[in-house]
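Tertiary structure, described
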Amino acid sequence: MTSRTGFFVLSGVLLLVALVCVGEGVQLIATGKPLGIGLGLCAFVVPPIGVWFLRQTVRFGRASERLARELEAEGGLPVDELKRTAGGRIDRDSADAVFARRKDEAEASPGDWRVFFRLAVAYADAGDTPRARKTMQHAIRLHSTTEPARSTA
């Protein structure tokens, strides 16, 4: 199963659970008992949080894809230069070497979203997903702040 398919399946399950949660909340409130009413109200809080999280994930994915398409059009996508083991896994030393180079590039150009995009890819290749996501979010913010300047020129 691809990540995109998995995402859509999990999104559908999340929305189904949200509907069930709201239905159960209505039934709990209908009991008229204070505990049932309290639990029923709590059941109404959970779905908006899940939907908000889903929305944020979709926005992040779309923004990341938009940056990747733009970088590809410029010919600036990072090339896969990593060594791999016989089993196909990324060699840790190779990933660390590429990461060090990408980090130096980001330190040299702190306002360029392109270098932070490539740094995020290097973080992901090195297996540091939380930092990869945070760095990609930084690249997205940099891109959105420089985007109006490009469109007026």
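Structural data are supplied above this passage.
These notes cover the structure that comes with them. (Residues numbered from 1 in each chain as written. Predicted model: local features only at pLDDT ≥ 70, side-chain atom pairs only at ≥ 80, totals over all residues. Heavy atoms only, no water.)

In this section: the packing of helix α1 (residues 3-30) against helix α2 (residues 34-74). At a closest axis distance of 8 Å, the pairing of α1 and α2 adopts a crossing angle of 160°. As summarised for this structure, α1 and α2 are arranged roughly antiparallel, according to the angle between their axes. Crossing angle aside, the handedness with which α1 passes α2 is left-handed. Looking at side-chain class alone, the contact of α1 with α2 contains 19 nonpolar, six polar and two charged residues. (Axes fitted to C-alpha atoms, helices over the stretch in contact; angles between N-to-C directions. Helix = DSSP H or I, 4+ residues; strand = E, 2+ residues; numbered from the N terminus. Parallel < 35°, antiparallel > 145°, perpendicular 65-115°, else oblique. Left-handed = near helix turned anticlockwise from the far one by under 90°. Nonpolar A, V, L, I, M, F, W, Y, C, P; charged D, E, K, R; others polar.)

The terminal C-alpha atoms of helix α4 (residues 113-125) lie 18 Å apart, and with 13 residues this matches the ideal 18 Å at 1.5 Å per residue to within 8%. Buried within α4 are the following residues: Trp113, Val115, Phe116, Phe117, Arg118, Leu119, Ala120, Ala122 and Tyr123. In this structure aspartate 112 caps α4, since a side-chain oxygen of it lies 3.1 Å from the backbone nitrogen of arginine 114. Among the residues trailing α4, glycine 127 stands out with phi positive, at a value near 90°. (Expected span 1.5 Å × (residues − 1). Buried < 20%, exposed > 50% of the residue type's maximum accessible area, 1.4 Å probe, protein only. Polar contact = N/O pair within 3.5 Å; in protein donor to acceptor, adjacent residues only side chain to side chain.)

Moving on, we get to the side chain of arginine 118. By the element assignment, arginine 118 lies in helix α4. Salt bridges are absent for the buried arginine 118, whose nearest opposite-charge side chain, glutamate 105, sits at 4.1 Å. Residues within four places of arginine 118 in sequence aside, it is in contact with Leu71, Gly76, Pro78, Arg102 and Glu105. (Lys, Arg positive; Asp, Glu negative; His and termini not counted. Salt bridge = Lys/Arg side-chain N within 4 Å of Asp/Glu carboxyl O. Contact = heavy atoms within 4.5 Å.)

Another point: the nonpolar core. Counting 19 residues, the largest nonpolar core has Leu67, Trp113, Phe116, Phe117, Leu119, Met136 and Ile140 as the members making the most contacts within it. Listing elements by their share of this core, those giving two or more residues are α2, α3 (92-108), α4 and α5 (129-152). With eight residues, α4 is the single largest residue contributor to this core. Those residues within four positions of methionine 136 in sequence are excluded, and the remaining contacts are Phe60, Ser64, Phe117 and Ala120. (Core = buried A, V, L, I, M, F, W, Y, C linked by side-chain atoms within 4.5 Å.)

Shape descriptors only; they carry no functional weight alone.
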